[in-house]
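# An overview of the molecular structure
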Amino acid sequence: MTRITIGPFNRVEGDLEVRLDVEGGRVMRAEVTAPLYRGFEQILEGRPVLDALVLAPRICGICSVSQSVSAATALRHAMAIEAAPNGLLATNIAHAAENAADHLTHFYIFFMPDFAREAYAPHAWHEAARERFAATRGSASRDALPARARLLETMGIIAGKWPHSLAFQPGGTTRAIDLGSRVRLLSIIAAFRSFLETIVFADTLENVLALTTADELDAWRDGRGGDFAHFLRIADSLSLTDLGRGTGLLMSYGAYEGVDGTLFPRGLFGPSAMIEPLPVKQISEDVSHAWMRDLSTDPAQSSTIPDPDKAEAYSWCKAPRLSGQPIEVGAIARQTVAGQPLITDLVTRNGTNVRSRVVARLIETARLALAMEQWTRALRLSEPFCNASREAPDGSHVGLVEAARGSLGHWMAVRNGKLERYQIIAPTTWNFSPRDSSDVGGPLEQALVGTDVGDAGPRSVAIQHIVRSFDPCMVCTAH
Amino acid sequence: MSGSDGMTNVLWLQGASCGGCTMSILESGASGWFDELRQFGINLLWHPSVSEETGEEAVEVLQSVLDGEVRLDLLLLEGSVARGPNDTGRFNMLAGTNRSVYRWMLDLAPCADYVVAVGSCAAYGGVPAAGSNPTDAVGLQFEGADRGGALGPGFRSRLGLPVINVAGCAPHPGWMMETILALTTKDVATTDLDSYGRPKFVADHLAHHGCSRNEFYEFKASAETMSERGCLMEHLGCKATQAVGDCNQRSWNGGGSCTKGGYACIACTSPGFERRA
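Every value quoted in this text rests on a predicted model; they were computed, and no experiment measured them.

### A word on the overall build of chain B
Secondary structure assignment for chain B yields 8 helices and 11 strands. Computed over C-alpha atoms, the radius of gyration of chain B comes to 19 Å, within 12% of the 19 Å expected from 2.2 N^0.38 for 277 residues, which places it in the range of a compact globule. Principal-axis analysis of the C-alpha atoms gives chain B an extent of 60 × 45 × 35 Å. When the 277 residues of chain B are sorted by exposure, 60% land in the buried category. At a minimum sequence separation of 6, the contacts of chain B that also span at least 24 residues come to 67%.

What follows is the structure, given as structure tokens:
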């Protein structure tokens with residue numbers, strides 16, 4: 001048995017260390033370490049409740065709006081107020097823009113550059129992949145970065161700036177959108193749609209979303225231009241469907257709240273291949289392998305106190321579990337729970353894997369572009385965007401949202417107008433969790449086991465694909 | 001341009017960071033940030049979010065700088081330096097190296113012609129230094145408003161400058177890029193920095209200058225809630241009259257700013273803003 005350590009693991013948000021025990025070129029055991037702890041939960045304790053809106057988004061520069069919305073949602077429950085319907089719509093537009101921008105950043109900047117590596121030089125497709133996707137040099141970044149910047153101009157209109165905005169309040173959003181601003185939003189969203197239809201898909205969004213089975217996707221891919229089909233051809237050449245298989249349990253907290261419910265529903269997808277109600281009360285956090293003191297497994301009751309010299313621990317990340325089980329989260333979980341036909345078919349056939357995780361992100365991006373347009377048109381410009389905040393009486397509340405990378409929750413306890421406790425479970429806390437007290441590894445740890453690294457050892461490209469297929473956000477993970 | 005080959009070698013590291021400064025600078029450049037860097041002869045030796053090299057390939061890049069094999073023109077750090085626990089830096093290890101980012105910065109900073117703190121965390125400690133400062137987070141050359149920090153008050157980079165602080169949370173992409181580009185032509189002297197190490201081309205302005213709510217300020221017409229018209233200072237604590245930055249003279253994300261967005265300035269370019277948010 002040989003132990004391999006991989007780090008700094010870059011082209012993820014933040015830093016990551018992966019240790020693999022390898023025998024005969026095959027991974028037998030994996031340990032995933034979040035190497036950064038900043039102490040947000042400790043910092044928030046004792047602050048006035050509204051400070052959560054200033055500090056919590058600063059957990060993460062890539063999913064700052066998600067953090068804002070999670071904090072604002074918990075505060076809305078704490079204040080027992082309703083959000084203005086326009087505020088919910090404007091929040092959804094900005095939140096979808098962030099999540100779609102994150103999916104683009106993942107695809108073009110973090111994930112695809114690995115196919116340009118010299119290790120793939122013998123493959124017939126390598127030269128084209130290198131020209132298009134090589135890190136910092138590929139032609140794709142000249143299309144993708146300006147498209148991302150243009151999409152993020154939604155933030156200039158709704159949120160003042162990005163990342164880190166105070167526009168997302170318990171009662172709605174702070175900037176009233178007028179007619180001119182609505183037209184500017186529609187123009188940005190139209191440009192985004194055009195980018196997706198010409199550069200990413202080489203087809204209309206309607207046609208892409210009409211694909212319902214794996215076979216239809218294969219037929220659509222053949223002979224098609226665009227970067228999505230380019231990825232699918234590489235993925236099939238490398239059999240990425242067989243790489244990084246997930247454990248099968250997927251969840252979504254539900255995403256994009258409206259007056260009549262959420263765009264994507266809340267639920268759990270389990271071994272029965274049915275969508276079940278999500279038992280939110282069964283969420284716990286285990287610290288047996290985290291450098292943290294054991295206080296309470298219930299996020300509504302717990303605090304966070306580091307214990308840097310704890311034996312058996314190997315990460316700053318706690319191990320969240322649902323009814324004692326590790327859960328995979330992200331676009332693939334969200335779209336499976338939402339019953340999106342193509343993603344459901346891919347997951348039913350081959351579970352979650354490197355290929356299907358990437359497909360789910362891009363299919364979701366197409367859905368978001370259409371939803372953003374509808375939300376923008378639905379704004380009632382003569383009505384308010386923000387209802388007034390109130391004092392928050394003592395009590396415990398939770399804000400559950402879906403960030404680009406999956407389920408994000410803020411559990412807060414309020415006492416005398418201050419934050420008595422604050423616990424955050426981020427998407428990558430779920431996906432990249434360490435082992436729990438039953439010695440069950442987190443989703444990535446399990447997905448890595450069995451991977452063939454051959455003679456490449458720490459330079460195995462397969463490991464790179466598996467890790468990045470989850471689109472980890474390590475700054476959120478331990479926060 | 002720096003160096004005999006005409007290229008400027010830039011190394012970007014992340015400490016106790018949210019990554020938001022990188023997310024901001026990725027908005028820079030009409031044909032993308034990478035193209036913009038190339039247009040100015042900048043060679044990105046390594047950047048944690050965008051470079052191909054990972055694991056031992058990345059460590060080789062850092063080691064080649066320490067060994068003097070590769071010239072380091074600009075060293076940028078995003079995120080605070082977490083010195084804890086007990087000055088070990090273990091709250092923020094550089095993965096795969098068994099060494100903290102704190103130690104890496106102590107070793108790398110003397111190799112660089114210029115050292116740039118990207119964002120208020122790297123400059124002054126920032127958000128991780130809020131509250132009880134659980135990780136003993138500091139800036140590269142400031143601890144809040146006090147000189148000191150990870151590198152100490154006497155540190156000077158190879159060309160004799162203190163750490164250059166591009167403050168902001170997150171900074172405008174233009175603040176970062178203009179600082180980097182001015183350094184490639186060695187157009188920055190100590191006299192171009194204010195007393196907190198910030199480039200004066202940003203710090204000589206106030207967020208209040210150019211605020212679209214200035215008429216409301218003049219006539220003391222105050223907003224009572226964040227979404228209302230009116231000046232945000234009296235009831236909502238807007239700090240724009242004290243906060244440095246040309247925030248309202250530039251466009252953020254195509255036309256925004258905090259006050260245009262309907263909420264108060266929190267002076268994120270100032271040391272210690274996180275303590276009184």
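### Side note on the sheet that holds strand β7 (residues 261-269) of chain A
Residues and elements named next belong to chain A. Strand order in the open sheet formed by 3 strands is β6-β7-β8, with antiparallel pairing between adjacent strands. Strands with a single pairing partner mark the edges of an open sheet, and in this sheet they are β6 (250-258) and β8 (275-276). As defined by bridge partners, β6 adjoins β7 across 7 bridges and the pair is classed as antiparallel. Looking across to β7, one finds that G258 is bridged to G261.

### A closer look at the interface of chain A and chain B
Counting residues at the interface gives 66 residues for chain A and 62 residues for chain B. Of all the secondary-structure elements, those providing two or more residues to the side of chain A that touches chain B are β1 (2-6), α1 (40-44), α2 (52-55), α6 (140-151) and α7 (153-158) of chain A. No other element matches α6 of chain A, which puts 5 residues into the side of chain A that touches chain B.

### Brief notes about the sheet that holds β1 of chain A
Residues and elements named next belong to chain A. In spatial order, the strands read β1-β2-β3; together these 3 strands make up an open sheet with antiparallel pairing. Of all the strands in the sheet, the pair left with one neighbour each is β1 and β3 (26-33). Shown here is a sheet whose adjacent strand axes are inclined to one another by a mean of 20 degrees, direction ignored. Bridge analysis of strand β2 (residues 17-23) against β3 gives 7 bridges, and the strand direction is antiparallel. Looking across to β3, one finds that V22 is bridged to V27.

### Notes on the confidence of the model for chain B
Confidence along chain B averages 96 in pLDDT terms, with 98% of residues attaining 70 or more. Both scores are available for the predicted complex, with the pTM at 0.98 and the ipTM at 0.97.

### With respect to the environment of L66 of chain B
Residue and element names in this part refer to chain B. Relative to the helices and strands, L66 resides in helix α3 (residues 56-66). On the basis of neighbour count, L66 is assigned to the partly exposed category, with 14 C-beta atoms found within 10 Å. The spacing of L66 and T88 is 22 residues in sequence and 20 Å in space, taken between C-alpha atoms.

### Section: α3 of chain B
Residues and elements named next belong to chain B. Along α3, the positions that sit buried rather than exposed are A58, L62 and V65. The arc that holds the buried residues of α3, viewed along the axis, is 55 degrees, so those residues lie on one side. Against β1 (8-14), β2 (42-46), β3 (72-78) and α4 (101-108) lie the buried residues of α3. Just downstream of α3 lies G68, where phi reads positive at about 80 degrees.

### Some details on unusual backbone geometry
Between G7 of chain A and P8 of chain A the backbone carries a cis peptide bond, its omega angle lying at -5 degrees. For R11 of chain A, which is not glycine, the phi torsion reads 50 degrees and is therefore positive. Relative to the elements of secondary structure, R11 of chain A occurs in the loop between β1 and β2. A positive phi angle, near 55 degrees, is found at N86 of chain B, a position not held by glycine. The exposure class assigned to N86 of chain B is exposed, which follows from the 9 C-beta atoms found within 10 Å.

### Side note on the pairing of strand β12 (residues 406-415) of chain A
Residues and elements named next belong to chain A. Where burial is concerned, most of β12 is hidden: 8 out of the 10 residues are buried. Direction of pairing for strand β11 (residues 395-403) relative to β12: antiparallel, over a ladder of 9 bridges. When the sheet's bridge partners are listed, L400 is paired in β12 with G409. Hairpin connection from β11 to β12: 2 residues lie between these consecutive antiparallel strands. Pairing geometry for β12 and strand β13 (residues 418-425), over 7 bridges, is antiparallel.

### Re the environment of R132 of chain A
All names here are of chain A. Along the chain, the position of R132 falls in helix α5 (residues 126-133). Residue classification places R132 among the partly exposed positions, given that 19 C-beta atoms sit within 10 Å. Each C-alpha atom of the pair R132 and R142 lies 9.8 Å from the other, and the pair is 10 residues apart in sequence. Leaving out residues up to four positions away in the same chain, R132 has contacts with G138, S139, A140 and H230.

### So, the packing of α6 of chain A against helix α8 (residues 179-200) of chain A
Residue and element names in this part refer to chain A. Packing of α6 against α8 leaves a shortest axis separation of 9 Å and a crossing angle of 155 degrees. Taken together, the axes of α6 and α8 are roughly antiparallel relative to one another. Regarding α6 and α8, the two cross each other, and that crossing is left-handed. From α6, D143, A147, R150 and L151 reach across to α8, where they touch I188, A191, F192, F195 and I199.

Conventions adopted
Residues numbered from 1 in each chain as written. Chains lettered and ligands numbered in written order. Predicted model: local features only at pLDDT ≥ 70, side-chain atom pairs only at ≥ 80, totals over all residues. Helix = DSSP H or I, 4+ residues; strand = E, 2+ residues; numbered from the N terminus. Rg over C-alpha atoms; globule rule 2.2 N^0.38 Å. Buried ≥ 20, exposed ≤ 12 C-beta atoms within 10 Å, placed from the backbone. Contact = placed C-beta atoms within 7 Å. Pairing = 2+ DSSP bridges. Axes fitted to C-alpha atoms, helices over the stretch in contact; angles between N-to-C directions. pLDDT = per-residue confidence, 0-100. Arc of directions from axis to C-beta. Parallel < 35°, antiparallel > 145°, perpendicular 65-115°, else oblique. Left-handed = near helix turned anticlockwise from the far one by under 90°.

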